[in-house]
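This is what each chain is made of:
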Amino acid sequence: MAQKGVQLDRETFSCSICLDLLKDPVAIPCGHSYCKNCIQSFWDGEDEKRSHSCPQCRQTFTPRPVLVKNTMLAALVEELKKTGLQAAPADHCYAGPEDVGCDFCTGRKLKAFKSCVQCVASYCEKHLQRHYDVAPLKKHKLVEPSQKLQENMCSRHDEVMKMFCRTDQQCICYLCSVEEHKGHDTVSAAAERTERQRELEGSRLNIQQRIQDGEKDVKLLQQKVEVINRSADRAVEDSEKMFTQLIRLMQKRSSDVKQQLRSQQESEVSRVKELQEKLEQEITELKRKDADLKQLAHTEDHNQFLHNYPSLSPLSESTLSSSINIPLRYFEEVTAAVSQVTDELQDVLREKWTNISQTGTEVDVLLSAEPKTRAGFLKYSRDITLDPNTAHTHLLLSEGDRKVTLMSQQQSYSHHTDRFTGWDQVLSRASLTGRSYWEVEWSGGAVGVAVAYKNISRAGGGHECGFGHNDKSWALYCDDDSYIFYHNNVHTPVSGPVSSRLGVYLDHRAGVLSFYSVSDTMTLLHRVHHTFSQPLYAGVGFYYSLGATAEFCKLK
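The protein chain has the name Tripartite motif-containing protein 16-like in an unreviewed UniProt entry, where Cottoperca gobio is given as its organism.

Structure, rendered in structure tokens:
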């Protein structure tokens, strides 16, 4: 409590102008006390108003009061000084080396509260009060404390630079505008600031919009990461289950084959041993018969020999076969069958694994960005071969089932349920998933380059079978001078340079199908965004153009 009382004394005996202990204290008519020099300097600045005011209560006096030393207050201040106490604000209120100091504080300077652009000076809260009270000063521009106020002064004329030269793009003072900048496009600094402020706000709005768009994209990317992770985790789990089931199936088949072989082995061995026992019994009987015959042969009495001979039983048919042979190997057929199954399984796994690898490596985090150059497209090139079982009977396949020609005569294809019977169309052998790119060289009339689901109808000439005339296929039809895109029986005219080569880009996962005109450069003709629910197959179709051809190009 005593400490608080001492602090109160310090504030009581300090001058509100210099904020220091009173020096030669004087009291003015309103009762407030100041250092004699401080109040004199303050009133000197008010002489032109012919009235003088109190810096604290703003009471005015006319004429200027005569200042008389307050002896009692002076004695108290002197007594206070003897205690060694200093009436000053807390240390954190004083300006340090890195702070802007008040230009009107004497002695140790307080931190500036504001800087005045017109006065080119900085003020603490006490000394700033006049800018709030004096009418002319109220119009001054106050800014945050700054050590760069001199930069607002013209080095040539020592005037505040209130003008801006748009010709030279620099701040100038009024004298500059009528001298070296005469004839230039000059405006007030405030007007230029307003104009630039509008531009700045426009830039900020643009930046903020881009930030919002970027944040949305970041969220979309994060969602895509989550989808990729969930999908990959699910695929890993499902594939592990399926491979486990496959391994179990193989183990069961292996056990079944082993059991079958052992059972057959046991049966064969049992049959052979049974035959062996029979033969051994026959041999024993033959040996006994041979002994009886031997004994009879040595009988000397002729009558006895003849009497006993008829009693001998005739020999039975021998079961001992000279055709019995020992094969070098058993069960070769089973071994060959297992070997054939192994080879076929390896072929299937090798082919399917290629598809799995292509699909697995096509997870693109950058929103499946479509390539920009032909070299970029060629990274996803696919060798397309056509399926003869889908070809209409008037279509001739050649060049390793990569080229198709519309013929007048029917081809000798066998009957197949996958064959188109009413439309001159054909589909590829392999399905397309992930990212794929291929090119088709065409000639001779209206040719349609298409993709379709496998379950597109094949029989008849209805819309449900024609490429682009249903919701199961998409086709770009081209002739010598135009393009038309078809889907779900809706046709859309397409503009672009006509070329004999079309490029098709498919990103099945991202749901993007694009058609390009390919020459020296690639020109986008039409792009489709669709959520594909099934694998797609490449195809071509013809519109009554005998002799027309389409060939899937080798790109690698």
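Brief notes about the overall build of the protein chain
Along the backbone of the protein chain there are ten helices and 23 strands. Taking all 556 residues of the protein chain together, the buried fraction comes to 31%. Long-range contacts, defined here as pairs at least 24 residues apart, represent 55% of the contacts in the protein chain between residues at least 6 apart. Summing over all exposed atoms, the protein chain offers an accessible surface of approximately 35,700 Å²; the carbon and sulfur share of this is 53%.

Comments concerning the nonpolar core
The biggest cluster of nonpolar side chains holds 37 residues, and the ones touching the most others in it are Val404, Trp438, Trp474 and Leu513. With 20 residues, the next largest nonpolar core counts Cys15, Cys38, Leu67 and Leu80 among its residues.

A short note on the pairing of strand E14 (residues 435-443)
Most of E14 is tucked away, with seven of its nine residues classed as buried. Of the strand pairs in this sheet, E14 and strand E23 (residues 549-552) are connected by four bridges, and their pairing is antiparallel. The residue of E23 that forms the bridge with glutamate 441 is glutamate 551.

Focus: the pairing of strand E11 (residues 395-398)
By the alternation rule, side chains of E11 split into Leu395 and Leu397, which are all buried, and Leu396 and Ser398, of which none is buried. Direction of pairing for E11 relative to strand E12 (residues 403-406): antiparallel, over a ladder of four bridges. Within E12, the position partnered with leucine 396 by the bridge is threonine 405. Linkage of E11 to E12, two consecutive antiparallel strands, is achieved through a turn of four residues, within which glutamate 399 is found at a positive phi near 50 degrees.

Section: the packing of aromatic side chains
This structure, assessed with the given rule, holds 14 aromatic pairs. Three or more aromatic residues joined by ring pairs form one cluster here, namely Phe377, Tyr380, Tyr437, Tyr505 and Tyr516. Here the basic side chain of lysine 114 rests over the ring of phenylalanine 113, its NZ or CZ set 5.9 Å away from the ring centre. Residue placement shows arginine 458 over the ring face of phenylalanine 420; its charged tip is 5.1 Å from the ring centre.

A look at the sheet that holds strand E10 (residues 186-188)
Picture the strands of a sheet paired through backbone hydrogen bonds; they go either parallel or antiparallel. Spatially, the three strands line up as an open sheet ordered E9-E8-E10, and their pairing is antiparallel. The two strands at the open ends of the sheet, each matched to only one other strand, are strand E9 (170-172) and E10. Neighbour-to-neighbour, the strand axes of the sheet open up by a mean angle of 35 degrees, direction not taken into account.

Quick look at the confidence of the model for the protein chain
The pLDDT averaged across the protein chain works out to 85; a share of 89% of its residues lies at or above 70. Here helix H1 (residues 2-12) stands out as the element of the protein chain with the lowest mean pLDDT, 49, in contrast to strand E13 (residues 425-427), whose mean of 97 is the highest. Every residue in residues 1-8 is under pLDDT 50, and counting partners more than four places away or in other chains gives two contacts. A low-confidence stretch, residues 360-367 (pLDDT under 50), is modelled with eleven contacts involving residues beyond four sequence positions or located in other chains.

Regarding the environment of valine 449
As for its position among the elements, valine 449 is in strand E15 (residues 447-453). In this structure, the C-alpha to C-alpha distance between valine 449 and phenylalanine 542, residues 93 residues apart in sequence, is 9.2 Å. With residues up to four places along the chain from it excluded, the contact list for valine 449 reads Val440, Trp474, Ala475, Leu476, Leu502, Val504, Phe515 and Gly539.

Re the pattern of salt bridges
For the structure on display, the rule yields 22 salt bridges. Residue arginine 196 pairs with glutamate 192 through a salt bridge whose shortest N-O separation is 2.8 Å. Here arginine 196 pairs with glutamate 192, and both are found in helix H7 (residues 189-297), just four residues apart, close to one helical turn. With a closest N to O distance of 3.2 Å, glutamate 268 and arginine 271 form a salt bridge. One end of the pair is glutamate 268 and the other is arginine 271, both in helix H7 and three residues apart, which spans about a single turn. According to the relative accessible area criterion, glutamate 268 is partly exposed, its value standing at 28%. Residues joined in a network through salt bridges with shared partners are Arg374, Glu439, Glu441 and Arg501.

The rules behind these values
- Each chain carries its own residue numbering, running from 1 in the written order of its sequence.
- Reporting in this predicted model follows two pLDDT cut-offs: at least 70 for local features of residues, and 80 or more for side-chain atom pairs to be given and counted; totals over whole chains, interfaces and linings ignore these cut-offs and use all residues.
- Only hydrogens and water are removed before side-chain values are computed, so all heavy atoms of the structure are retained for them.
- Strands are runs of DSSP state E lasting at least two residues, helices are runs of H or I lasting at least four, and both sets are numbered from the N terminus onward.
- The buried label goes to any residue with under 20% of its type's maximum accessible area, the exposed label to any with over 50%, and the partly exposed label to all in between, with areas taken from a 1.4 Å probe on protein chains only.
- Should any heavy atoms of two residues lie within 4.5 Å, those residues are considered in contact.
- In these tables, accessible area is a Shrake-Rupley quantity obtained with a 1.4 Å probe, and a residue counts as shielded only by the protein chains included in the view.
- For this analysis, a nonpolar core means a set of buried residues of the types Ala, Val, Leu, Ile, Met, Phe, Trp, Tyr and Cys, connected via side-chain atoms within 4.5 Å.
- Two strands pair if DSSP finds at least two bridges between them.
- Note on aromatic pairs: the rings of Phe, Tyr and Trp (six-membered ring only in Trp) are paired at centre separations within 6.5 Å, and the planes decide the class, stacked below 30 degrees, edge-to-face beyond 60, tilted for the rest.
- Two conditions define a charge located above a ring, namely a distance within 6 Å from the ring centre to NZ of Lys or CZ of Arg, and an angle within 35 degrees of the ring normal.
- Here an axis means a line fitted to C-alpha atoms, over the contact stretch when the element is a helix, while the angle between two N-to-C directions is reported on a 0 to 180 degree scale.
- Residue-level confidence of the predictor is summarised by pLDDT, bounded by 0 at the bottom and 100 at the top.
- Throughout this description, the term salt bridge denotes a Lys or Arg side-chain nitrogen within 4 Å of a carboxyl oxygen of Asp or Glu.

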